[in-house]
Number of protein chains: 2
Amino acid sequence: MLQYSSPYSLSDPLRAEYLAFAIEVSQTGGAAALPYFRASAVVQNKLTDGGFDPVTQADKAAEQIVREAINTRYSEHGIYGEEFGHEEGNGLTWVIDPIDGTRAFMSGMLHWGLLLSLFDGERPVLGVMYQPFTEELFYGDGRFAEYRRGASHVRSLQVSRRTELSDAVLATTSPRWFEGSQRAGFDSLENAVKLTNYGGDCYIYGMLAMGYLDLAADANLKPYDIQAHIPIIEGAGGIVTTFDGGNASMGGVVLASASEVLHQAALEILCR
Amino acid sequence: MLQYSSPYSLSDPLRAEYLAFAIEVSQTGGAAALPYFRASAVVQNKLTDGGFDPVTQADKAAEQIVREAINTRYSEHGIYGEEFGHEEGNGLTWVIDPIDGTRAFMSGMLHWGLLLSLFDGERPVLGVMYQPFTEELFYGDGRFAEYRRGASHVRSLQVSRRTELSDAVLATTSPRWFEGSQRAGFDSLENAVKLTNYGGDCYIYGMLAMGYLDLAADANLKPYDIQAHIPIIEGAGGIVTTFDGGNASMGGVVLASASEVLHQAALEILCR
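Criteria and cut-off values
Positions within a chain are numbered from 1, following the residues in the order the chain's sequence is written. All chains are assigned letters beginning at A, and all ligands numbers beginning at 1, according to the order in which they are written. Totals for whole chains, interfaces and linings use every residue, but because this is a predicted model, local features are given only for residues with pLDDT of at least 70 and side-chain atom pairs only at 80 or more, for both listing and counting. Only heavy atoms go into the side-chain values, all of them from the structure, while hydrogens and water stay out. Think of it in three bands: residues with accessible area under 20% of the maximum for their type are buried, residues over 50% are exposed, and the middle band is partly exposed, with areas taken using a 1.4 Å probe on protein chains only. Each helix corresponds to a stretch of at least 4 residues labelled H or I by DSSP, and each strand to a stretch of at least 2 residues labelled E; elements are numbered beginning at the N terminus. One less than the number of residues in a helix, times 1.5 Å, gives the span that helix is expected to have. When we speak of the arc, we mean the arc of directions from the helix axis to the C-beta atoms. Every residue pair with non-hydrogen atoms within 4.5 Å of one another is taken to be in contact. Superposition of the copies used a least-squares fit over C-alpha atoms from residues whose pLDDT is at least 70 in both. Two parts placed together each lose some accessible area under a 1.4 Å probe, and adding up what both lose gives the buried area. The working definition used for a salt bridge is a side-chain nitrogen of Lys or Arg within 4 Å of a carboxyl oxygen of Asp or Glu. Identification of polar contacts relies on pairs of N or O atoms within 3.5 Å, with a donor-acceptor requirement for protein atoms, meaning one able to donate a hydrogen and the other able to accept it, and with residues adjacent in sequence counted only if both atoms are side-chain atoms. Gly is put with the polar residues, along with every residue not named as nonpolar or charged; the nonpolar set is Ala, Val, Leu, Ile, Met, Phe, Trp, Tyr, Cys and Pro, and the charged set is Asp, Glu, Lys and Arg. Per-residue confidence from the prediction method is given by pLDDT, with values spanning 0 to 100. Domain segmentation is taken from an automatic or database assignment of domains. At least two DSSP bridges between two strands are needed for those strands to be called paired. To obtain an axis, a line is fitted to C-alpha atoms, over the contacting stretch when the element is a helix, and the angle between two such axes runs from 0 to 180 degrees between their N-to-C directions. Note on terminology: angles under 35 degrees are roughly parallel, angles over 145 are roughly antiparallel, angles of 65 to 115 are roughly perpendicular, and the others are oblique. The crossing is said to be left-handed when, going from far helix to near helix, the turn is anticlockwise and less than a right angle, and right-handed when the turn is clockwise. Here a pair means two rings of Phe, Tyr or Trp (six-membered ring of Trp) with centres within 6.5 Å. Their orientation is stacked below 30 degrees between planes, edge-to-face above 60, and tilted elsewhere.

**What about unusual backbone geometry?**
Only a minority of non-glycine residues have a phi that is not negative, and only a minority of peptide bonds are not trans. Phi is positive for Asp201 of chain A, close to 45°, though the residue is something other than glycine. What makes Asp201 of chain A buried here is its relative accessible area of 17%. The backbone of Asn220 of chain B sits at a positive phi, close to 60°, despite the residue not being glycine. Within the secondary structure, Asn220 of chain B is located in strand S11 (residues 215-221).

The following block contains the structure:
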């Protein structure tokens, strides 16, 4: 279980070094998951006979390779991953979701990716999202954020900065994840915005950072589901909190917005 | 408005020629839409100033190029497209959805594509779906279906052939599109299956043909939203009908399934 502790102080050169490492290892990890994506029926049956489904195999393969790289390079750091749990460290912890969007992955759909962040005890100081099938990379450190596809195409990530709820496009992975008063709040928000898209997992946070969605809300998130997105979205000029306006690093019920004004307006409706 | 008429009789060599043409022109059309996808804020503002949003521009550019190719090569054929309407022909009609999944396209998400089919007055005899960003191509003629990515990777499309509702994965683009008794039926079907995914547009039909989804249901479909998928899914061993079991070529409320047994079980619940 990942818990809050005193934040670790991080110099700029070290932060840049860690981000470069995170980008590299996310690509290696994603590449390890890719052979299991849309695996043929023969491969799937072979995997299932062994007691593992392809997505579990892919999850484990990707997380294992990321953990090994971290242990080799930064043995003093902690690791917290979806598949293999928590290893304590010196106050900095790498947080891994080897495949965010497992249902999409299982269904052969495209909206999934590997998420990696570095948690300082209070906040994620950097985050990376990588989709190996499309070779799309999103990364940021809270002060800047970029997108890269393949070797060449790089663009700076900038949120839309939209401020009016009635103009805003909202996305959620699934409205069914909200329960009780959360669901009522989400339904009210849906009625207040221009348009709501369903589905998407990690991609809705990527597209919010890129400026094509204005609000993203999800319930029941784990720390590894949301941490990587926070430094990317903040680096792109956006904001991420829990529904009660608190630190979203530990997950839960989370709202991301393209501007502070929009965020406050949406939180007010969600918590009414 | 596209209407039923006597089916046009089509020889095997002609069918193969039309399919090869459809594949080629779908790629050309998709390539014309791609520059508008995730266009930068500058491009978007420039486009919006002119009174057009990027997705309308992309839709028109793609449909225009497909129409021109058809008029040049098969001037005797009819054309029915989302953007530029119906041109009558000799009994064969090319049916075009230049961008299926416009909301996904506008939001920078990946589940969209160009759809092209050839309608013989009763049924679509061939269909193509192309996503230019991922270079994914799905095509079939009711007797076979294939998937190709880029220049090299080709695979035969085969549905899962699953027969048990309790094992089945269902997908819908949005449950909100179902109204009244349709919605009640859909909710019952959702309760009967293993899992339901939301979102996806044309991709859910592609993944059904590839064997990773077992049921796909959508409401309010136009002929150009569904026709291309029918020969692909049937060529992959699946089945597509309206909720009342009829010909789905004109759209409406549509169910696609990975086996006849599953289809009948699902229709029974939907129409209860």
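**Describing helix H5 (residues 181-192) of chain A**
Count 3.6 residues to each turn of an α-helix, and residues three or four apart come out pointing the same way. Residue and element names in this part refer to chain A. End to end, H5 covers 17 Å across 12 residues, agreeing with the expected 16 Å (1.5 Å per residue, within 8%). All of the buried residues in H5 are Gly185, Phe186, Leu189 and Glu190. Burial along H5 is one-sided: seen end-on, the buried residues are contained in an arc of 140°. Residues of H5 that are exposed and point over 90 degrees away from its buried face: Ser181 and Asn191. On its buried face, H5 is in contact with strand S9 (169-172), strand S10 (195-198), strand S11 (215-221) and helix H9 (260-270).

**Some details on the relation of the copies chain B and chain A**
The operation relating chain B to chain A is a screw motion whose rotation component is 180°, with 0.0 Å of axial translation and a residual RMSD of 0.0 Å. The superposition operator between the copies reduces to a two-fold rotation axis. In terms of proximity to the rotation axis, the leading residue of chain B is Gly199 of chain B, whose C-alpha is 2.5 Å off the axis. A high fraction, 100%, of the interface residues of chain B reappear at the interface in chain A, so the copies pair face to face through one surface.

**Brief notes about the interface of chain B and chain A**
On the chain A side, the residues contacting the 34 residues of chain B number 34 residues. A buried area of about 2,800 Å², summed over both sides, lies between chain B and chain A, and 54% of it is on carbon and sulfur atoms. Seen at the junction of chain B and chain A, the total is four salt bridges. Of the charged contacts, one joins Arg176 of chain B and Glu190 of chain A as a salt bridge, the two residues approaching to 2.3 Å between their closest N and O atoms. If you look at where chain B meets chain A, you find 25 residue pairs in polar contact (both at pLDDT 80 or more). Counted by class, the side of chain B that touches chain A contains 16 nonpolar, 11 polar and seven charged residues.

**Regarding the confidence of the model for chain A**
As a note on interpretation, predicted positions should not be read in detail where pLDDT is low. When pLDDT is averaged along chain A, the result is 93, and 95% of the positions lie at 70 or above. Confidence estimates for the predicted assembly give a pTM of 0.94 and an ipTM of 0.93.

**Things to note about the domain arrangement of chain A**
Residues and elements named next belong to chain A. Entries for chain A in the domain assignment read domain 1 (12-156) and domain 2 (165-270). Put simply, the middle of domain 1 and the middle of domain 2, counted by C-alpha atoms, are 22 Å apart. Of the roughly 2,400 Å² buried between domain 1 and domain 2 on both sides combined, carbon and sulfur atoms contribute 63%. One can count one salt bridge joining domain 1 with domain 2. A salt bridge links Glu234 to Arg123, with the shortest nitrogen-to-oxygen separation between them at 2.9 Å. Along the contact surface separating domain 1 from domain 2 lie nine residue pairs in polar contact (both at pLDDT 80 or more). Of the residues that constitute the side of domain 1 that touches domain 2, the class distribution is 18 nonpolar, 10 polar and 10 charged.

**Observations regarding the pattern of salt bridges**
Residues and elements named next belong to chain A. Tallied over the full model, the rule gives 20 salt bridges over all chains. In this structure, Asp187 and Arg183 form a salt bridge, with 3.1 Å as the shortest nitrogen-oxygen distance. Placement of both Asp187 and Arg183 in helix H5 is noted, with a separation of four residues, approximately one turn of the helix. When salt bridges that share partners are traced, they join Asp12, Asp141 and Arg143 into one network.

**Examining helix H6 (residues 202-210) of chain A**
Taken across its nine residues, H6 of chain A has nine buried, putting it largely inside the fold. Every buried residue of H6 of chain A is accounted for by Cys202, Tyr203, Ile204, Tyr205, Gly206, Met207, Leu208, Ala209 and Met210 of chain A.

**Section: the sheet that holds strand S3 (residues 93-100) of chain A**
Residues and elements named next belong to chain A. The sheet built from eight strands is open, its strands ordered S2-S1-S3-S4-S5-S6-S7-S8 with mixed pairing. Two strands in the sheet have a free side with no partner beyond their single neighbour: strand S2 (85-87) and strand S8 (153-156). Each adjacent strand pair in this sheet contributes to an overall mean axis angle of 15°, direction not counted. Both strand S4 (residues 113-119) and strand S5 (residues 124-131) contribute to a ladder of six bridges, which runs antiparallel. For Leu116, the partnering residue across the bridge sits in S5 and is Val128. Packed onto the sheet, helix H1 (residues 12-33) meets S3, S4, S5, strand S6 (136-140) and strand S7 (145-149) and runs at close to 30° relative to S5.

**Quick notes on the packing of helix H1 (residues 12-33) of chain B against helix H3 (residues 54-73) of chain B**
All names here are of chain B. The contact between H1 and H3 brings their axes to 8 Å, and the two run at 150°. Classed by the angle they form, the pair H1 and H3 counts as roughly antiparallel. Read as a crossing pair, H1 and H3 show a hand that is right-handed. Along its contact with H1, which presents Glu17, Phe21, Val25, Thr28, Gly29, Ala32 and Ala33, the element H3 presents Ala58, Ala61, Ala62, Ile65, Val66, Ala69, Ile70 and Arg73. Per-class residue counts for the contact of H1 with H3 are 11 nonpolar, two polar and two charged.

**Overview of the environment of Ser259 of chain A**
All names here are of chain A. Position of Ser259 relative to the elements: it lies in the loop between strand S13 (252-257) and H9. Residues Ser259 and Leu215 lie 44 residues apart in sequence; the distance between their C-alpha atoms is 9.1 Å. Not counting residues up to four positions away in its chain, the partners in contact with Ser259 are Arg161, Arg162, Thr163 and Ile239. Here Leu262 takes part through its backbone nitrogen, which lies 3.1 Å from a polar atom of the side chain of Ser259.

**A closer look at the environment of Val55 of chain B**
Residue and element names in this part refer to chain B. Note that Val55 resides in helix H3. Classification of Val55 by relative accessible area gives buried; the value is 6%. Taking C-alpha positions, Val55 is 15 Å from Gln131, a pair spaced 76 residues apart along the chain. Beyond its immediate sequence surroundings of up to four residues, Val55 is in contact with Ile99, Thr102, Phe105 and Met106.

**Notes on the packing of aromatic side chains**
Residues and elements named next belong to chain A. Under the criterion given, the structure shown has 33 aromatic pairs over all chains. A ring pair is formed by Tyr18 and Tyr74, whose centres lie 5.0 Å apart and whose planes are at 90°; its orientation type is edge-to-face. Of this pair, Tyr18 sits in helix H1 while Tyr74 sits in the loop between helix H3 (54-73) and strand S1 (78-81); the two residues are 56 residues apart in sequence, bridging distant segments of the chain. You can call Tyr18 buried: its relative accessible area is 4%. Pairing Tyr74 with Trp94 gives two aromatic rings, centres 6.3 Å apart and planes at 20°, and the pair type is stacked. Highlighted residues: Tyr74 in the loop between H3 and S1 and Trp94 in strand S3, separated in sequence by 20 residues. Overall, Tyr74 belongs to the buried group, its relative accessible area being 4%.

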